[in-house]
Structure formats: structure tokens, C-alpha cells
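# Summary of the model geometry
Single-letter residue listing:
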Amino acid sequence: MGTPARKLILNNLQTTFEGVTTGNGYHTSVTLVQALARGYFDVKTGERPFIGYVPGVETVQHQPGGNIYCTLAVSVIGHISGTTLSDRQTKLNNLIDDLIAVLNVDTTRGSNAISTTVMQYETDEGDPDAHGDGSVLMQVQIKYLRSTAST
């Protein structure tokens, strides 16, 4: 038995997000990536820019021939630090741009998914009361196919 497609997809997200560096052509060099939802008060300044990701609701549609069409919702959380409101807003918007770009480099998550789609995101726009923090919450949808047997 091989590794389940869902596990391979989540492993791919870790590797994908770790590749967000200025050396790879992005605006941001991420300090820490975790398969964990952490609030900005839980992420130390030295750990930012931070990307966390968490699988959420997964819907399944049974297909003929023992196949299951799965849609996995993933929440992606990003935190940055900046000295001024303008600095935080710039860093936050750069991180959003980088997340969209890196998720679209390989929408098949290493040939394990059918598609990866950024569905929506919201920010605090570099909250002036956040003492140097800015955050984004992004919703991503990953579709993949598995069988009713072990994969």
C-alpha cells in the first residue's frame, strides 16, 4: 500500500510554502511554516513571516467504479511584522501575492490532486493596534480522486 493521496497533498503544501523565499523570486522569505493554526499572538516576532495551514471540512462524492471525488478545504494563515502601518500593509500584500503565486506553481500538488484553487482571503490590513503585526486568512480548495479501497 502506498501513502494516501491526502497525506501526500498535505506534505506537498509544507514543501511548497517552505519555498517562499526571495531567493526563489518571491517578495517574502518565510521564517516558519507549520501544519498548525496559530494566532498572531502565538507567533513570536522572530518566527515571522509565518505560514500555517490546516485541513478543514472535506466533502466526498462517490463515483462509479469505486472512486471517490474529494474536495478538501484548507485554511492558510499568514502573519508578518512591520514597524509602521504602511510597512505592515506592504509586507502583508506581498505575502498574499506570494501565497497565490506559490499555490499556482503546481496546482496538482505533485500529481496527487486534480486542482488547487484559492477561494477567498481576508486580512486585518496591517492593523494599527496590533503592535507590529499583520495577518491574512486564506481559504484554499483542493480536489483529488481516491478509491474506496486503501490508496
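So, here's what we can say about the structure. Residue numbers restart at each chain and count upward from 1, following the sequence in its written direction. The predicted origin of the model limits local features to residues at a pLDDT of at least 70 and limits the giving and counting of side-chain atom pairs to 80 or more, whereas totals for whole chains, interfaces and linings rest on all residues. Processing note: side-chain calculations cover all non-hydrogen atoms of the structure and skip hydrogens and water entirely.

### Examining the environment of A149
- With respect to the helices and strands, A149 occurs in the segment after β5 (133–147).
- Exposure remark for A149: the relative accessible area of 46% places this residue in the partly exposed category.
- Along the chain, A149 and N67 lie 82 residues apart, while their C-alpha atoms are 8.6 Å from each other. Where helices and strands are cited, they refer to DSSP runs of H or I of at least four residues and of E of at least two residues respectively, numbered from the N terminus. Relative accessible area decides the class of each residue, using a 1.4 Å probe on protein chains only: under 20% of the type maximum gives buried, over 50% gives exposed, and in between gives partly exposed.

### Description of unusual backbone geometry
- For the bond running from R48 to P49, omega is 5°, close enough to zero to count as cis.
- Along the chain, P49 turns up in the loop between β1 (32–34) and β2 (50–63).
- Look at R109: it is not a glycine, yet its phi comes out positive at around 50°.
- Residue classification places R109 among the buried positions, given a relative accessible area of 1%.
- Even without a glycine there, the phi angle at S111 is positive, about 70°.
- Within the fold, S111 resides in the loop between α2 (85–103) and β4 (115–123).
- With a relative accessible area of 67%, S111 lands in the exposed category.

### Points about the side chain of S81
- Position of S81 relative to the elements: it lies in strand β3 (residues 67–81).
- Here a polar contact means two N or O atoms within 3.5 Å. Within protein one must be a hydrogen donor candidate and the other an acceptor candidate, and residues neighboring in sequence count only if both atoms are side-chain atoms. A polar contact of 2.5 Å, which involves the side chain of S81, links it to the side chain of R48.
- Residues count as neighbours in contact if any of their non-hydrogen atoms are within 4.5 Å of one another. Each residue touching S81, except ones within four places of it in the same chain, is listed here: T45, R48, D87, R88, K91, G132 and D133.

### Observations concerning the sheet that holds β2
- If you walk across this open sheet you meet the five strands as β1-β2-β3-β5-β4, and the pairing is mixed. The sheet terminates laterally at β1 and β4, the two strands that pair on one side only. Across the sheet, the mean angle from the axis of one strand to that of its neighbour is 20°, orientation sign disregarded.
- DSSP calls a pair of strands paired once it identifies at least 2 bridges connecting them. Bridging between β2 and β3 involves 12 bridges; their strand directions are antiparallel. In the sheet register, T59 faces β3, and the bridge partner there is T71.
- The strands that helix α1 (residues 5–18) touches are β1, β2, β3 and β5; relative to β2, the one it contacts most, it runs at about 155°.
- Comment: axis = line fitted to C-alpha atoms, over the contacting stretch for helices; angle = value between 0 and 180 degrees taken between N-to-C directions. Taken strand by strand, α2 contacts β2, β3, β4 and β5, and its axis lies near 10° from that of β5.

### A word on the pairing of β5
- In this sheet, β5 lies alongside β3 in antiparallel orientation, the contact comprising 15 bridges. Of the residues in β5, the one forming a bridge with I68 is R146.
- In this sheet, β5 lies alongside β4 in antiparallel orientation, the contact comprising eight bridges. The partner of Q120 across the bridge, within β5, is Q139.

### Side note on the environment of I96
- Within the secondary structure layout, I96 lies in helix α2.
- When its relative accessible area of 5% is taken as the criterion, I96 is described as buried.
- Along the chain, I96 and T21 lie 75 residues apart, while their C-alpha atoms are 13 Å from each other.
- Residue contacts for I96: discarding those within four places in its chain leaves Y121, T123, V136 and M138.

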